[in-house]
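Okay, here's what each chain looks like letter by letter:
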Amino acid sequence: MKNNSPKLIILSGGGTGGSVTPLLALAEHLRREDSSYRFLFLGTHRGPERGLVVAEGLEFRSMLSGKWRRYF
């Protein structure tokens, strides 16, 4: 049985453009492969990612997040 409903792909990153631009490139590649994919980007409220994501035509929602400390 084949499921014809669009697949939702959630992308998440933010705070800097460095984590966002590779995700946007991935979304662009996947859209070329299959135009039925839907994307939702979850990012920070104040980061630069909102403008980058919306400019690419993807849905954006912000969420509260903390900084991931990579040290003690």
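As a starting point, this report considers the structure included with it.

Calculation criteria
- Residues numbered from 1 in each chain as written.
- Predicted model: local features only at pLDDT ≥ 70, side-chain atom pairs only at ≥ 80, totals over all residues.
- Heavy atoms only, no water.
- Helix = DSSP H or I, 4+ residues; strand = E, 2+ residues; numbered from the N terminus.
- Polar contact = N/O pair within 3.5 Å; in protein donor to acceptor, adjacent residues only side chain to side chain.
- Contact = heavy atoms within 4.5 Å.
- Pairing = 2+ DSSP bridges.
- Axes fitted to C-alpha atoms, helices over the stretch in contact; angles between N-to-C directions.
- Core = buried A, V, L, I, M, F, W, Y, C linked by side-chain atoms within 4.5 Å.
- Buried < 20%, exposed > 50% of the residue type's maximum accessible area, 1.4 Å probe, protein only.
- Expected span 1.5 Å × (residues − 1).
- Arc of directions from axis to C-beta.

Here we look at the side chain of E49
Checked against the element boundaries, E49 lands in helix α2 (residues 49-55). Only 2.4 Å separates the side chain of E49 from the side chain of T44, close enough to count as a polar contact. Setting aside residues up to four positions removed in sequence, E49 forms contacts with G13, G14, G15, V20, F41, G43, T44 and F60.

So, the sheet that holds strand β3 (residues 59-62)
Read from one edge to the other, the open sheet built from three strands follows the order β1-β2-β3, with strand pairing classed as parallel. Looking at strand neighbours, the two that pair on one side only are β1 (8-12) and β3, the edges of this open sheet. Averaged over neighbouring strand pairs, the angle between their axes works out to 25° when direction is ignored. Pairing of strand β2 (residues 38-43) with β3 involves four bridges; the strand directions are parallel. Residue pairing in the sheet places L40 in a bridge with E59 of β3.

Focus: the nonpolar core
Within the largest apolar cluster, eleven residues are counted, these being L11, V20, L23, L24, A27, L30, F39, F41, V53, L58 and F60. Looking at this core, the element that brings in the most residues is helix α1 (residues 17-33), giving five residues. What L11 contacts, discounting residues up to four positions off in sequence, is L23, A27, F39, L40, F41 and L42.

Brief notes about α1
Its 17 residues place the ends of α1 24 Å apart at the C-alpha level, agreeing with the 24 Å of an ideal helix rising 1.5 Å per residue. Those residues of α1 that sit buried are V20, L23, L24, A27 and L30. Along the axis of α1, the buried positions cluster into a sector of 125°, meaning they face one direction only. Exposed side of α1, more than 90 degrees from the buried face: G18, R32 and E33 are the residues found there. Where α1 is buried, its residues meet β1, β2 and α2.

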